[in-house]
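Observations on chain architecture
Chain by chain, the residues:
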Amino acid sequence: MFLIGIGMIILLMSIFLYNSLISKKNKAYEAFSSIDVIFKKRTDLIPHLVKVVKGYMEHERETLTEITKIRKQLINKNLEDDQRINLESKLDGMLSKINIAVEAYPDLKASENFLKLQASLNEVEEQLSAARRAYNAAINAFNNSVEMFPSNLMAKIMGYTLKPLFKINPEERKVPTIKF
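As the structure is a computational prediction, the values presented were derived from the model and not from experiment. (Residues numbered from 1 in each chain as written. Predicted model: local features only at pLDDT ≥ 70, side-chain atom pairs only at ≥ 80, totals over all residues. Heavy atoms only, no water.)

Before going further, it helps to spend a moment on the overall build of the protein chain. Secondary structure summary: the protein chain contains six helices and zero strands in total. The N-to-C order of helical and strand elements in the protein chain reads α-α-α-α-α-α. Among the 180 residues that make up the protein chain, the fraction classed as buried is 33%. Counting every atom, the protein chain has about 11600 Å² of accessible surface; 59% of that belongs to carbon and sulfur. (Helix = DSSP H or I, 4+ residues; strand = E, 2+ residues; numbered from the N terminus. Buried < 20%, exposed > 50% of the residue type's maximum accessible area, 1.4 Å probe, protein only. Areas by Shrake-Rupley, 256 points an atom, 1.4 Å probe, with all protein chains shown as cover.)

What follows concerns helix α6 (residues 151–158). Every α-helix carries 3.6 residues per turn, so stepping three or four residues along brings you back to the same face. Listed in full, the buried residues belonging to α6 are S151, N152, M154 and A155. One side of α6 carries all its buried residues, which in axial view fall inside an arc of 160°. Turned more than 90 degrees away from the buried face of α6 sit K156 and I157, all of them exposed. Note on α6: the residue one or two positions beyond its end, G159, has a positive phi of about 80°. (Arc of directions from axis to C-beta.)

What follows concerns the packing of aromatic side chains. Under the criterion given, the structure shown has two aromatic pairs. The ring of F142 is capped by K163, whose NZ or CZ atom sits 5.5 Å from the centre of that ring. (Phe/Tyr/Trp six-rings, centres within 6.5 Å; stacked < 30°, edge-to-face > 60°. Lys NZ or Arg CZ within 6 Å of the ring centre and 35° of its normal.)

Bringing the side chain of E88 into the picture now. Positionally, E88 belongs in helix α3 (residues 81–102). Discounting residues that sit within four places of it in the chain, E88 has contacts with F39, R42, L74, R132 and F166. (Contact = heavy atoms within 4.5 Å.)

The next point concerns the environment of F16. Among the structural elements, F16 can be located in helix α1 (residues 2–54). Taking relative accessible area as the criterion, F16 reaches 57% and is therefore assigned exposed. Sequence separation between F16 and S151 is 135 residues, and the spatial gap between their C-alpha atoms is 9.3 Å.

The subject of this paragraph is the nonpolar core. Grouped together as the largest cluster of nonpolar side chains are 29 residues, with contacts concentrated most on I35, I67, L91 and Y135. Elements that contribute at least two residues to this core include exactly α1, α2 (61–75), α3 and α5 (112–147). Not counting residues up to four positions away in its chain, the partners in contact with L91 are R42, I46, I67, I70 and L74. Judged by nonpolar contacts, the second largest core, of seven residues, contains L21, F142, V146 and M154. (Core = buried A, V, L, I, M, F, W, Y, C linked by side-chain atoms within 4.5 Å.)

Mean pLDDT for the protein chain: 80, with 78% of residues reaching 70 or above. Predicted confidence in the protein chain is weakest over helix α4 (residues 106–110), with a mean pLDDT of 59, and strongest over α6, with 93. (pLDDT = per-residue confidence, 0-100.)

Both trends apply: most residues other than glycine have a negative phi, and most peptide bonds are in trans. The omega torsion across F149 and P150 is 5°, close enough to zero to call that bond cis. With respect to the secondary-structure elements, P150 resides in the loop between α5 and α6.

Below is the structure:
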C-alpha cells in the first residue's frame with residue numbers, strides 16, 4: 001500500500017511537472033508570436049516610410065537600401081528565432097539612423113504624412129518593446145524550469161534546453177548623436 005502511495009505521488013508530480021513545462025514552453029512561443037505580429041506590422045510600415053523619406057534624403061539612400069534589404073530578409077518565414085532577433089535588432093539600429101537623419105530636413109519633419117507615419121512607427125516600437133519584455137519574462141520562466149530541480153529532470157527527459165533572451169546589439173546601447 002505504501003509503495004502504491006509513493007508511486008501515485010511520483011506519477012502525479014511527473015504529470016504536474018510535464019504539464020508545467022509544456023505550459024511554459026507554449027507561453028514562450030506565444031510571446032515570440034506576439035513579437036512576430038508586431039514585427040510584421042513594423043515591416044509593413046517600412047515601405048511607406050521609405051517612400052515618404054526617399055525624396056528628402058537622397059544622400060541617405062544607403063540607409064534606406066539597407067532597411068529594404070533587411071525587410072526582405074525578415075519576410076522569409078524560414079528564419080530561426082535567433083536569426084530573426086538579430087535581423088530585428090539590426091533594423092532597430094537602421095530606423096534610429098533615419099530618425100536622426102530626419103532632423104536635418106525641416107520640411108520632412110513638418111510633412112503631415114511623415115508625422116503620421118512617424119507616430120505609427122513610434123506606437124509600433126512601444127508595442128514591440130512591451131512584447132519583448134513579455135517574451136523575456138516567458139523565456140525566463142521557461143529557463144528557470146529547465147534549470148531548477150525537480151523540473152529540470154523532466155525537462156531533460158523531454159529534451160528541453162535553454163532558450164535565448166531577446167537582447168539588443170551593444171552598439172544600440174550607445175546614445176545617438178544628432179548632427180545639425
